[in-house]
Amino acid sequence: MIHATQNITQLEFIKSSKADNFESPDFYEIDDLLTEEHKLIRATVRDFVKKEISPIIEDCAQKATFPRHIVQKFGEIGAFGPTIPEAYNPNGGLDYVAYGLMMQEIERGDSGMRSTASVQGSLVMYPIYEFGTEAQRQKYLPKLASGEYLGCFGLTEPNHGSNPAGMETHFKDMGDYYLLNGAKMWISNSPYADVAVVWAKNEEGRIHGLIVEKEMEGFSAPEIHNKWSLRASITGELVFQDVRVPKENLLPNISGLKGPLKCLDKARYGISWGALGAAMDCYDTAKRYALEREQFGKPIAGFQLIQKKLAEMLTEITKAQLICWRLGNLMNQDRASTAQISLAKRNNVDMALSIAREARQILGGMGITGEYSIMRHMMNLESVITYEGTHDIHLLILGNHITGIQAFK
Ligand SMILES: Cc1cc2nc3c(=O)[nH]c(=O)nc-3n(C[C@H](O)[C@H](O)[C@H](O)COP(=O)(O)OP(=O)(O)OC[C@H]3O[C@@H](n4cnc5c(N)ncnc54)[C@H](O)[C@@H]3O)c2cc1C
């Protein structure tokens, strides 16, 4: 039972008994729809999160430090680009359900950690694999897969977030190199990144992807401080002042906004699973607490209002699990549309944020402390509901799909 005794405060008791005992709900027996390989991958990543992330993450978030050593460890467990073929990633060749389950488990630990993994896999490795030359694939993908390199993805600019088509970052053809100028904002991983996939306009105003390396002269990536959200993830700018980018660093097989948007489809798919993980963690924590915590002479789990919260959480988690599983199978068949991915990202992140808020209330005053993960998840999800297309932008994508009329402008 969670209560203070004469010799020990409630906080000290919780600290002394703290362990990550997470178990995921599976009310509709969705595990029956997974392969043995999926379940093994999920169990491996869950163990990894319990051993490597849960013990340190609260401290990292409180101190706003990125646990840099985790990059190599993610590489070791195959969390970077698991759907990239094995020729470029020894841990690759997995399907999209496996990738989704990995993101679920990592974000169950922390959304910032999942951000690091999904940026590397979906926004850096995917475009190099899909739009790059064979030489670019060979040069970058194995190092990104192993965690030797950390990558970042530069699309958003100070003046252009929801409308990336307006981007100002541009490059000029100087004969034997490109000259890149401009700035990107809100870039996950950027201060520590070895390589950046940067989207910029050529002299005709056409968007292209360029691989920029950290040593290139005129390139810097200052950190953005004072975040109340994703505090264990590092975020920064990308500044390009007359950066000479070798011509072989242009991604040749794509041009236009569809390049970055195709990458975002992959990453948003991962987010829809990741948010589910954060929601599961909040639900599991609140359920355990409610069964232990006594008020008015009985566990608070015995009160109808608490049961209502828990029952609604389980309902929403179950619906989100089914969305993820089905979307994963559509991804495997290359049939998932941008609008279907928008629905999943939008629904699941909003669902996770609502569950975090309700779960926080179940923990009463304890819910605001760092002794439990809920408040951290809640603050993290405020970024997740904004990045990779805001909640409202995904609604407009769906509205466009339904009506055939764009309401962006
Ligand atoms: C922690 C963090 C990490 C990030 N990581 C990356 C990264 O790695 N790479 C990257 O490129 N970007 C990244 N981003 C940027 C993120 O994708 C943008 O913040 C997001 O796309 C929104 O852009 P904005 O912040 O400029 O908001 P704005 O576009 O200015 O939007 C502000 C508000 O206006 C609304 N709005 C805008 N247009 C419309 C419209 N037509 N109709 C109705 N409402 C509208 C939006 O929904 C929002 O509510 C990150 C952001 C954060 C916070």
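Nothing here was measured: the structure is a model prediction, and the numbers come from that model.

*Asks:* Any chance you could explain the packing of aromatic side chains here in plain terms?
*Replies:* In this description, an aromatic ring pair is defined by two values, namely the gap between the centres and the angle between the planes. Going through the model one piece at a time under the given rule, you end up with 14 aromatic pairs. Note on phenylalanine 48 and phenylalanine 74: the rings are 5.8 Å apart at their centroids and 40° apart in plane angle, and the pair reads as tilted. Of this pair, phenylalanine 48 sits in helix H2 (residues 36-63) while phenylalanine 74 sits in helix H3 (residues 70-77), and the two are 26 residues apart along the sequence. Taking relative accessible area as the criterion, phenylalanine 74 reaches 0% and is therefore assigned buried. Ring pairs connect the aromatic residues Phe48, Phe74 and Phe80, which therefore count as one cluster. The positively charged end of arginine 68 is found above the aromatic ring belonging to tyrosine 192, 3.9 Å away from the centroid.

*Asks:* Where do I start with the site of the ligand in this structure?
*Replies:* Taken together, 18 residues form the shell around the ligand, and within it Thr156, Ser162, Trp186, Thr390 and Phe408 come nearest. Within the backbone of phenylalanine 153, an N or O atom sits 2.9 Å from a nitrogen atom of the ligand. Measuring from an oxygen atom of the ligand, one finds a side-chain N or O atom of serine 162 at 2.6 Å. In the complex, 68% of the free accessible area of the ligand, which totals 980 Å², lies under the protein chains. At the level of elements, strand E3 (177-188) and helix H11 (391-403) are the ones that each hand at least two residues to the shell around the ligand.

*Asks:* Whenever I open this one, the packing of helix H5 (residues 111-131) against helix H6 (residues 134-146) confuses me. Can you help?
*Replies:* When two helices pack together, their arrangement is given by the angle between the helix axes and by the axis-to-axis distance. In the contact formed by H5 and H6, the axes pass within 9 Å of each other and the chain directions differ by 160°. It follows that H5 is roughly antiparallel to H6 by the angle criterion. Taken as a pair, H5 and H6 cross one another with a handedness that is left-handed. Listed contacts from H6 to Gln120, Val124, Met125, Ile128 and Tyr129 of H5 are Gln136, Arg137, Tyr140, Leu141, Leu144 and Ala145.

So, how was this worked out
Residues numbered from 1 in each chain as written. Predicted model: local features only at pLDDT ≥ 70, side-chain atom pairs only at ≥ 80, totals over all residues. Heavy atoms only, no water. Phe/Tyr/Trp six-rings, centres within 6.5 Å; stacked < 30°, edge-to-face > 60°. Helix = DSSP H or I, 4+ residues; strand = E, 2+ residues; numbered from the N terminus. Buried < 20%, exposed > 50% of the residue type's maximum accessible area, 1.4 Å probe, protein only. Lys NZ or Arg CZ within 6 Å of the ring centre and 35° of its normal. Near = heavy atom within 4 Å. Polar contact = N/O pair within 3.5 Å; in protein donor to acceptor, adjacent residues only side chain to side chain. Areas by Shrake-Rupley, 256 points an atom, 1.4 Å probe, with all protein chains shown as cover. Axes fitted to C-alpha atoms, helices over the stretch in contact; angles between N-to-C directions. Parallel < 35°, antiparallel > 145°, perpendicular 65-115°, else oblique. Left-handed = near helix turned anticlockwise from the far one by under 90°. Contact = heavy atoms within 4.5 Å.

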